[in-house]
Structures are given as structure tokens and as C-alpha cells.
Amino acid sequence: MATDPRPAPPPRRFYGRRTGRRLRPGRQQLIDSVLPRLEIVLPEDGRALDPADLFDVAPKSLWFEIGFGGGEHLVWQAERHPDIGFIGCEPFVNGMSTLLAGVQDKGLTNIRVWSDDARLVLDRWPAASLDRVFMLFADPWPKNRHAGRRFVQTETVALLADRMADGAELRIASDDPGLVDWSLWHVRADPAFEWLARGPEDWRHRPEDWPATRYEEKQLHGAPVFLRFRRRPRSDVSSTRSL
Ligand SMILES: C[S@@+](CC[C@H](N)C(=O)[O-])C[C@H]1O[C@@H](n2cnc3c(N)ncnc32)[C@H](O)[C@@H]1O
């Protein structure tokens, strides 16, 4: 396979925490023995990943979750969509161990994980290959002075637009009004995305195929807002940007 012609991406820095309370022996065991079987390994030569190599059975479609926390949403979706391949990204090891417990309890075979900043794996992901991307309460940086730490930036929205297939859906949730505005502004500023809301009901109510996450249930900042965007077909978007 040819080497990736795209220029090297800028360095990534993840500001969130990676470790929390010491893991119980059973959870540590999952990290030691199950994680290596499910963890995505990037090709050493800088090539883009081939998602077909990740799963034993070729999935019908690929869905991607950024910052899955304890993985409740990811497990819920994976259980209901066995023919879809799921990629979950979460650098927080305690969250990863909770996801692995869920994967094991439910006997799921359609989840692969990335235990670092989602941008690092997206940098090496092939274009137009993701059919759904979830980012649920995953930007924990409400203060303006920390805005640079947020995942949602002009450049990362463009990265998602490139990796998502025509017609794919991007779902973002937040309970912080400032972060909702930030996300809406950045995603709508990218011509590749169309906001699917027709009225307040659409962003105030979670669709039935969108379970509440653990973070959402804490109701920390206010009413959650649910944003859905469609990746416009490339033939409809005239864009000169390159990644
Ligand atoms: C507030 S928690 C929400 C977790 C979960 N989605 C939920 O709703 O319960 C935010 C999570 O996003 C993760 N996160 C933030 N930025 C990330 C990034 N760039 N790549 C991967 N995960 C990220 C954090 O590690 C953290 O676990």
C-alpha cells in the first residue's frame, strides 16, 4: 500500500486526566489482558489505518465515539447494532476499564478502542469511512481561557468532515450553554455540515436511539442539548481546503 501523502499533523496535546482511583484487581486484569486484544495499533510506517483489518468480520459500517467515559453509550449502541463496527476513544484508564467490563459482560465482538486522544487515531484514519460520530459531553472545558483545549475547533471539525462519509451523522451533546454555542458555531461554519434541527424540540429531546450517558445523568450544568449534523455529500460542497 502507498504511504500516506498527507502532511504530518501538528502535535496533539491532551489536557484531560488519564488516571483516577487505583483500579480494582479485576479491572486491572481487563486492562492487562483484554485491552491489548481490542486496542487499535497504528501502522509504524505512517500509513493510514485500514479499518478492514480491525474486525474479524467486515462490518457493514463504522461508527466512532470520542470520549466515551465509562462506555455506557458505546455498549448500548454496539449491542443493538452487531453488524456495525465501533471505535471508541478514551484516554481515562478507569473509564476504559468500565467499558471493557461492559464488552465482556455482553460478549461484544464489534468494538475496538483507542486509549489516547481521538485526534491521534483520526489523523491516521482513511477519508470518507465513518458513518456516524458521537461526541457526548466530551469537551469538559467550559472556561473561555481553556477554549484552546476543546476538541471542537475549526481544524478538528474539518478533520471529521474529511473522515466522515457522505450523508454520515455527527452527534454532539453538551449541558453547558457556552459549549453548545461553541460547537454549533464551529460545526455550522464548516460547509461540509448541515444542522438537522428544525426547531427547539429537536435539540431539547434525545432521539430514542440515543441513550443517556452517565455524565448526562449527573445534570451538572443545565439541561442537555442534543445536536445532530449531516455530512453533506462531497458533490454538494465546493471546498478548497486540504488536510
Ligand atoms: C465529561 S466526560 C463524558 C464521558 C461520557 N461521554 C459521558 O457522557 O458520560 C468527557 C470525556 O471525554 C474524554 N475526552 C476529552 N477529550 C478527548 C479527546 N480529545 N479524545 C478522546 N477522549 C477525550 C475525557 O477523557 C472524558 O472521559
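Residues numbered from 1 in each chain as written. Predicted model: local features only at pLDDT ≥ 70, side-chain atom pairs only at ≥ 80, totals over all residues.

Before going further, it helps to examine the overall build of the protein. Helix and strand content of the protein: nine helices and seven strands. Its C-alpha atoms give the protein a radius of gyration of 17 Å, within 12% of the compact-globule value 18 Å for 243 residues. The principal-axis extents of the C-alpha atoms in the protein amount to approximately 50 × 50 × 35 Å. Buried residues in the protein amount to 34% of all 243 residues. A fraction of 79% describes how many contacts in the protein between residues 6 or more apart in sequence connect residues 24 or more apart. (Helix = DSSP H or I, 4+ residues; strand = E, 2+ residues; numbered from the N terminus. Rg over C-alpha atoms; globule rule 2.2 N^0.38 Å. Buried ≥ 20, exposed ≤ 12 C-beta atoms within 10 Å, placed from the backbone. Contact = placed C-beta atoms within 7 Å.)

This part covers the sheet that holds strand S2 (residues 84-89). Here we have seven strands laid out as an open sheet, ordered S3-S2-S1-S4-S5-S7-S6, and mixed in their pairing. Either end of the sheet is taken by a strand with one partner, and the two such strands are strand S3 (111-114) and strand S6 (193-195). The average angle at which neighbouring strand axes cross in this sheet is 20 degrees, direction not considered. (Pairing = 2+ DSSP bridges. Axes fitted to C-alpha atoms, helices over the stretch in contact; angles between N-to-C directions.)

With 54 residues, the main nonpolar core has Leu99, Val133, Met135 and Leu170 as its most contacted residues. Filtering out sequence-adjacent residues up to four positions away, Met135 remains in contact with Ile66, Gly67, Phe151 and Ile172. (Core = buried A, V, L, I, M, F, W, Y, C linked by C-beta atoms within 7 Å.)

On to the pairing of strand S5 (residues 164-174). By the bridge criterion, six bridges tie strand S4 (residues 130-136) to S5 in an arrangement that is parallel. Counterpart to Leu130 in the pairing with S5 is Met164. Where S5 meets strand S7 (residues 225-231), six bridges bridge the pair, whose relative direction is antiparallel. When the bridges of S7 are listed, Ala173 appears paired with Phe226.

All right, on to the site of the ligand then. Residues in close proximity to the ligand total 23 residues, the closest being Gly67, Gly69, Ala118, Thr213 and Tyr215. Contributions of two or more residues to the shell around the ligand are made by helix H5 (118-122) and helix H9 (214-218). Take the shell around the ligand: its biggest share by element is three residues, from H9. When grouped by side-chain class, the residues that make up the shell around the ligand number 13 nonpolar, five polar and five charged. (Near = placed C-beta within 6 Å. Nonpolar A, V, L, I, M, F, W, Y, C, P; charged D, E, K, R; others polar.)

Further remarks concern the packing of helix H3 (residues 72-80) against helix H4 (residues 93-106). The relative placement of two packed helices comes down to the angle between their axes together with the axis-to-axis distance. Look at H3 against H4: their axes get within 9 Å of each other, and the N-to-C directions meet at 25 degrees. By the angle class used here, H3 and H4 are roughly parallel. H3 and H4 meet at a crossing whose hand is right-handed. Contacts between H3 and H4 involve Leu74, Val75 and Glu79 from the former and Leu99, Gly102, Val103 and Lys106 from the latter. In terms of residue class, the contact of H3 with H4 is made up of four nonpolar, one polar and two charged. (Parallel < 35°, antiparallel > 145°, perpendicular 65-115°, else oblique. Left-handed = near helix turned anticlockwise from the far one by under 90°.)

Of note in the backbone geometry, Ala128 takes a positive phi value of approximately 55 degrees without being a glycine. Classification of Ala128 as partly exposed rests on a count of 14 C-beta atoms within 10 Å.

In this section: H4. The terminal C-alpha atoms of H4 lie 20 Å apart, and with 14 residues this matches the ideal 20 Å at 1.5 Å per residue to within 8%. Listing the buried residues of H4 in full gives Gly95, Met96, Ser97, Thr98, Leu99, Leu100 and Val103. Looking at the buried side of H4, the elements it contacts are helix H1 (25-33), helix H2 (35-38), H3, S2 and S3. Phi for Gly107, located one or two positions after H4, is positive at around 65 degrees. (Expected span 1.5 Å × (residues − 1).)

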